Every structure is written in structure tokens, then in C-alpha cells.
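Fold and geometry: a report
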Amino acid sequence: MSRISRLPSSLIRAAACTGVAALALTACGSGSGSGTASTGSGSVKVGLITKTDTNPFFVKMKEGAEKAAKEDGAQLSTAAGKFDGDNAGQVTAIENMVAAGVKGILITPSDSKAIVPAIQKARAKGVVVIALDTPTEPESAVDALFATDNLKAGQLIGEYAKAAMKGKTAKIAALDLAPGVSVGVQRHNGFLKGFGATDKDVVCAQDTGGDQAKGQTAMENCLQKAPGINVVYTINEPAALGAYTALKAKGREKDVLIVSVDGGCTGTQAVKDGKIAATSQQYPLKMAAEGVKAVVTYAKDGKKASGYTDTGVTLITDKAQDGVTSKDTAYGLDNCWG
């Protein structure tokens, strides 16, 4: 998901490897500190395709893949969409990687349904395909999925928000992702489940694309529609920060509870600063590292990863609520990304 923050120089170098042509397949040497760890032509070839190469979440994912590839003696090639939602670009990247002889492809699908035919063609040629972060639709279109349990991530912040409201009647605004994107649907539904609510209890719902500026606009629209909003669920922390800006402009930032998902460093700092009440932290580096190791295992002994592997989620807040398990922002900042 989206994150806007200052990146360390090592991660900037990593992101630069994919270059201006975001969809170009890269093969940078491990000494460059960028997109590929290589030990020679005989090593296992692994491909990583992310939604973009600028989003800090995916920069961290790439870093995890690079480290795992280096440890396992694999050759990592990377590609990314020009923008979040660039399915055509991801299809091209899959085709390029298959032609280059990769043994496995790790992918964060921009379009969970539209990418499936390209994945099926790759698997038919003996390439193992593992989804990271975002499941395909159907989930069985890939060999395996390494991801946050997004339903659980939403449920955690829903349970937290319910407890924090302490019996007050909630008027909920939902700042969602986009129609048909599985991650957004799961987080939204998880929040409602945790809160003990339904869509009928949401007084305003707006799509934000996970973007901060769009989150601000969405919150402004919701305040016009339902001025009494007192709980805001957001798909991610940029959307949450946009909502906070809109609320602050109306003098409402202290009486509206904002909860979110992601756990990036900017978002976790916003929890510490009191702008966001709580967030569910996920771990992109772990997703990629486990994905690389699964491809290497397949290459060595033919054993394919299968099914869903939960890479973990932790509720982060400095205002703990009874009955809701959480960790503080000191833990969150030690384990954040971006």
C-alpha cells in the first residue's frame, strides 16, 4: 500500500535500479546495491514484479527479495508498473521474465483478476508464481500467497475503534481503496467485523486510491455529507493523513477517531504524534524474503509452496484499550518500513 516518506540512501539506490522505464526488466549486479543479486549464470533465476517501484512499501519488499536472493545464491530480476493499476505493464513483465528463463515469479498484482491469464501462461511453462501482499482472484490462480491477513488487519483496528468509542454512538466514514481490489475489500470488511457494524452503519464511503491528497478530498466530501462523523476508517496511512488534514481545517482533529492499516514509518510516527489513533502494521520485507526462498527450494528439489502463508500483522497504538492486544509506537518504529 501507499506510503510517502523520506527513504534512506540505500533504498533510493535500490529503487533506482528499475529506472525511468518502470516496466523494464532489470539485471543489476549485487554490487550496485540495486535490483539483482547474482552469483553467475548457473544460479536460480527469480523474478519480482511490484505494483510500482517508487512506493516505499514495494521498495522495502524489493530490499527483502534482494537480501534473500544474495543469501540463497539466486539471481533476482525486477520489474514494476508505471502506476498502481498498470496491469498491461505487469503482463509484459511476466512475459519478459518467462522468456529470460526465471524459475519463479513473485508478484503483487495491480489487478487481481486481469492478471490471471498471464499467470496461467507462465505456470503452464513450468514457472512457479507466488503472489505477495495482494491475492489474485481466484486465489488459486497462483501456486502460493505470502501476505498480511488483510481481513485480520481491518478487524484489529475495528475492535480497537469499538473499544475506544466506549459505548458512544458511532458515525463512521470509510475512506476505501478502489472498487474490486481484494486488499481494500478485505480491510474494509474486516474493520466492520471488528467494530460489529455493517455497511448500513457507514454514513459516508469514498474511494481514495490510497492517496493522501485524495484522502483529504474524500474527508472533505464526507464532512459535507455527514458533519457528525466521529470515526474514520482508512485503507492506509496516506489516506489517514489526508483525512487528518481535512479534519484539522475544520477544527475536528481532536474529536474524531482515525484508524488505519500499513505500519510504515511515516504512518507509525503519525500514531505517535496523535494524528492517527491506531494502525495495523504489516511486514513487506518478510513477504518477499519468504517468496524468494520458496522459489529457490522449488528449483532445488521440485517442492512447490502452496496455499496461504500469513506474514503477520500487529496493532500499533500508544492508547491501548482493554481487551485489544497491541504494541506501542516504540515497537512500531523499530519494525516499520519506508
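Summarised in this report is the structure supplied together with it. (Residues numbered from 1 in each chain as written. Predicted model: local features only at pLDDT ≥ 70, side-chain atom pairs only at ≥ 80, totals over all residues. Heavy atoms only, no water.)

**Overview of the sheet that holds strand β11 (residues 307–310)**
- Across the sheet, which stays open at both edges, the six strands sit in the order β2-β1-β3-β4-β5-β11 with parallel pairing between neighbours. At either margin of the open sheet sits one strand with a lone partner, and together these are β2 (75–80) and β11. Neighbour-to-neighbour, the strand axes of this sheet turn through a mean angle of 20°, independent of strand direction.
- Summarising the sheet, strand β5 (residues 144–147) and β11 pair through four bridges and their orientation is parallel. Across the sheet, residue F146 finds its bridge partner in β11, namely T309.
- Taken strand by strand, helix α2 (residues 56–72) contacts β1 (45–50), β2 and β4 (128–132), and its axis lies near 175° from that of β1.
- The strands that helix α3 (residues 87–99) touches are β1, β2 and β3 (104–107); relative to β1, the one it contacts most, it runs at about 175°. (Pairing = 2+ DSSP bridges. Helix = DSSP H or I, 4+ residues; strand = E, 2+ residues; numbered from the N terminus. Axes fitted to C-alpha atoms, helices over the stretch in contact; angles between N-to-C directions. Contact = heavy atoms within 4.5 Å.)

**A few points about the pairing of β2**
- Counting buried positions along β2 gives six out of six residues, so the element sits mostly inside the fold.
- In β2, alternate side chains face the same way, and those of Q75, S77 and A79 on one face and L76, T78 and A80 on the other are all buried.
- Both β1 and β2 contribute to a ladder of six bridges, which runs parallel. For T50, the partnering residue across the bridge sits in β2 and is A80. (Buried < 20%, exposed > 50% of the residue type's maximum accessible area, 1.4 Å probe, protein only.)

**Concerning the pairing of strand β7 (residues 202–207)**
- Here strand β6 (residues 172–176) pairs with β7 via five bridges, running parallel. Residue pairing for β7: D176 is matched across the bridge by D207.

**Some thoughts on the sheet that holds strand β9 (residues 257–262)**
- Strand order in this open sheet of six strands is β7-β6-β8-β9-β10-β12, and the pairing throughout is mixed. Single-partner strands in this sheet number two, and they are β7 and β12 (314–316). The average angle at which neighbouring strand axes cross in this sheet is 15°, direction not considered.
- Across three bridges, the pairing between strand β10 (residues 278–281) and β12 is antiparallel. The partner of Q281 across the bridge, within β12, is T314.
- Against the sheet, helix α8 (residues 237–249) engages β6, β8 (231–234), β9 and β10, with an angle of about 160° to β9.

**Topic: the state of the cysteines**
- Scanning all chains against the criterion turns up two disulfides.
- Bridging C204 to C222, the disulfide has an S-S length of 2.1 Å. Since a negative S-S torsion denotes a left-handed disulfide, the C204-C222 link at about -75° is left-handed. Residue C204 is found in strand β7, and its partner C222 is found in helix α7 (residues 212–225); the two are separated by 18 residues along the sequence. Residues C204 and C222 agree in their burial class; the two are buried. (Disulfide = S-S within 2.5 Å.)

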